Amino acid sequence: MHLKQLQYTLEVAKCKSFSKAAKKLYVSQPSLSTSISSFEEELGLTIFLRTTWGVVVTQDGGRFWRRLKKS
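Below or above, wherever it landed, is the structure these notes cover.

Conventions adopted
Residues numbered from 1 in each chain as written. Predicted model: local features only at pLDDT ≥ 70, side-chain atom pairs only at ≥ 80, totals over all residues. Heavy atoms only, no water. Helix = DSSP H or I, 4+ residues; strand = E, 2+ residues; numbered from the N terminus. Buried < 20%, exposed > 50% of the residue type's maximum accessible area, 1.4 Å probe, protein only. Contact = heavy atoms within 4.5 Å. Pairing = 2+ DSSP bridges. Core = buried A, V, L, I, M, F, W, Y, C linked by side-chain atoms within 4.5 Å.

### What about the environment of F18?
Along the chain, F18 falls in helix α2 (residues 18-25). The class for F18 is buried, based on a relative accessible area of 9%. Note: C-alpha distance between F18 and K4 (14 residues apart in sequence) is 15 Å. Ignoring sequence-local partners within four residues, the contact set of F18 consists of V12, Q29, L32, S33, I36, F48, R50 and V55.

### A word on the pairing of strand β2 (residues 54-57)
Relative to β2, strand β1 (residues 48-51) is paired through four bridges, and the arrangement is antiparallel. Within the sheet, the bridge partner assigned to R50 lies in β2 and is V55. In textbook terms, the turn of a hairpin is the stretch between consecutive antiparallel strands, and for β1 and β2 this stretch comprises two residues.

### Things to note about the nonpolar core
In this structure, V12, F18, L32, I36, I47, F48 and F64 are the most contacted members of the largest nonpolar core, which totals 18 residues. Contributions of two or more residues to this core are made by α1 (3-15), α2, α3 (29-43) and α4 (59-70). Tallying contributions element by element places α1 first for this core, with five residues. Non-local contacts of F64, meaning those with residues more than four positions away in its chain, are made with L6, F39, L43 and I47.

Structure below.
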């Protein structure tokens, strides 16, 4: 787990969009998506449900963030 991946994930959750988050983070959308997919795979859970209208934080993703905030 890298701090950058946490930062990326948080920004996508705030923006509810990979493309909007990528613009704010000054990275390309494909590299952002790849980084977060890799992060999800590393954690063994799906943080975001990807749709044609944007992204939604999953129940697992919500639990992950709540546990992280408590630490």
